[in-house]
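# Structural description and commentary
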Amino acid sequence: MSEPGRSTDGELLFRLSRGDEPAYRLLHDRHQAPVFRMSLVLMQSTWDAEEVAATAFFELWRKRDKVRVVDGSVLPWLLATTSFAAKNSQRSRRRYQRLLHRIPHDNHVPDHADEVAQAMDSLKISQSVRDALLQLNNREASVVILCVIQEMPLADAAVVLGVPEGTVKSRLSRVKTRLRGALEQYAPTSEEARA
């Protein structure tokens, strides 16, 4: 049930499916911050993160008739879409970088490492965690983002991703096993595990 005068995401999505632009703006304003934070985690610069977040909201508009609402929110769908957009952006960037390396050039390109470091520091996420997330494919990254980072129940993540709950559970198990070695430094000590 929504607060008086405040529409639920489901109500806004219904209006959006009818082409209601104010409903779109309300959904954007409501979910822009968490979508942008997730984009910052997945991308290397604030510029790229803004582009990925904009892509996620563009997809909300474009696929408004196919968006899934989970527990009354479109945020899980937006976060999964953000993950896909980030992976696509990274793939395009790698192709572009390979092309640039083939072209001789004399000019020095400025490094935005300070901006990236500042953004990552503000998110309290280490480079090794970020690198581990970037190594996942779209399906794996979506499961981690929804189930681990957003702490969404498996059943809800399954609804967002459009797969059976067992598929989400098995993907999550495989990803955890694979990341365990890469993120060993974050494993709890035996005393922390018993606490």
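Just so you know, these numbers come straight off a predicted model, no measurement behind them.

Basis of the calculations
Residues numbered from 1 in each chain as written. Predicted model: local features only at pLDDT ≥ 70, side-chain atom pairs only at ≥ 80, totals over all residues. Heavy atoms only, no water. Helix = DSSP H or I, 4+ residues; strand = E, 2+ residues; numbered from the N terminus. Axes fitted to C-alpha atoms, helices over the stretch in contact; angles between N-to-C directions. Left-handed = near helix turned anticlockwise from the far one by under 90°. Contact = heavy atoms within 4.5 Å. Nonpolar A, V, L, I, M, F, W, Y, C, P; charged D, E, K, R; others polar. Salt bridge = Lys/Arg side-chain N within 4 Å of Asp/Glu carboxyl O. Buried < 20%, exposed > 50% of the residue type's maximum accessible area, 1.4 Å probe, protein only. Patch = residues over 30% accessible without salt bridge, like charges linked within 9 Å, V, L, I, M, F, W, Y side chains within 5 Å. Areas by Shrake-Rupley, 256 points an atom, 1.4 Å probe, with all protein chains shown as cover. Lys, Arg positive; Asp, Glu negative; His and termini not counted. Charge placed at Lys NZ, Arg CZ, Asp CG, Glu CD. Expected span 1.5 Å × (residues − 1). Parallel < 35°, antiparallel > 145°, perpendicular 65-115°, else oblique. Core = buried A, V, L, I, M, F, W, Y, C linked by side-chain atoms within 4.5 Å.

## Focus: the environment of F58
- Examined against the element boundaries, F58 turns out to sit in helix α3 (residues 46-62).
- As for F58 and Y24, which are separated by 34 residues in sequence, their C-alpha atoms are 10.0 Å apart.

## Structural notes on the packing of helix α2 (residues 21-42) against helix α4 (residues 75-102)
- Following both chains from N to C, one finds α2 and α4 inclined at 35 degrees, their axes separated by 10 Å at the closest point. Between α2 and α4 lies a crossing whose hand is right-handed. For the pair α2 and α4, the contacting residues are H31, P34, V35, M38, S39 and L42 in the first and L75, L78, L79, T82, S83, A86 and Q90 in the second.
- Residue composition of the contact of α2 with α4, grouped by class: eight nonpolar, five polar and no charged.

## Points about the pattern of salt bridges
- Taken as a whole and judged by the stated rule, the model has six salt bridges.
- Between K63 and E59 there is a salt bridge whose closest N-O contact spans 3.5 Å.
- The salt bridge involving R178 is made with E140; its shortest N-O contact spans 2.8 Å. With a gap of 38 residues between them, R178 in helix α9 (residues 165-182) and E140 in helix α7 (residues 138-149) connect regions that are remote in the sequence.
- Residue R178 is classed as partly exposed on the basis of its relative accessible area, which comes to 44%.

## Considering a nonpolar patch on the surface
- Nonpolar side chains collect at one region of the surface, where Y96, L99, L100 and I103 lie side by side and expose about 350 Å² of accessible area between them.
- Relative to the assigned elements, I103 resides in the loop between α4 and α5 (113-123).

## So, a positive patch on the surface
- Where like charges cluster on the molecular surface, the positive patch consists of R91, R94, R95, R98 and R102.
- Take R98: it is sitting in helix α4.

## Focus: α3
- Compared with an ideal rise of 1.5 Å per residue, which puts 17 residues at 24 Å, α3 spans 24 Å between its outermost C-alpha atoms and is within 8% of the ideal.
- Along α3, the positions that sit buried rather than exposed are D48, A49, V52, A53, A56, F57, E59 and L60.
- Of the surrounding secondary structure, the elements contacted by the buried residues of α3 are α1 (9-17), α2 and α4.

## So, the packing of α1 against α2
- Closest axis-to-axis distance for the α1/α2 pair is 8 Å, and the angle between their directions is 140 degrees. By the criterion of interaxial angle, the relationship of α1 to α2 is oblique. α1 and α2 meet at a crossing whose hand is left-handed. Contact residues: D9, L12, L13, R15 and L16 in α1; P22, A23, Y24, L26, L27, R30 and H31 in α2.
- Counted by class, the contact of α1 with α2 contains eight nonpolar, one polar and three charged residues.

## Observations concerning the nonpolar core
- If you look at the biggest cluster of nonpolar residues, it comprises 38 residues, and the most contacted ones within it are V35, L60, L78, L79, L146 and V168.
- Within the residue set of this core, elements represented by two or more residues are α1, α2, α3, α4, α7, α8 (154-161) and α9.
- Setting aside anything within four residues of it in sequence, one finds V35 in contact with A53, A56, F57, L75, L78, L79 and T82.

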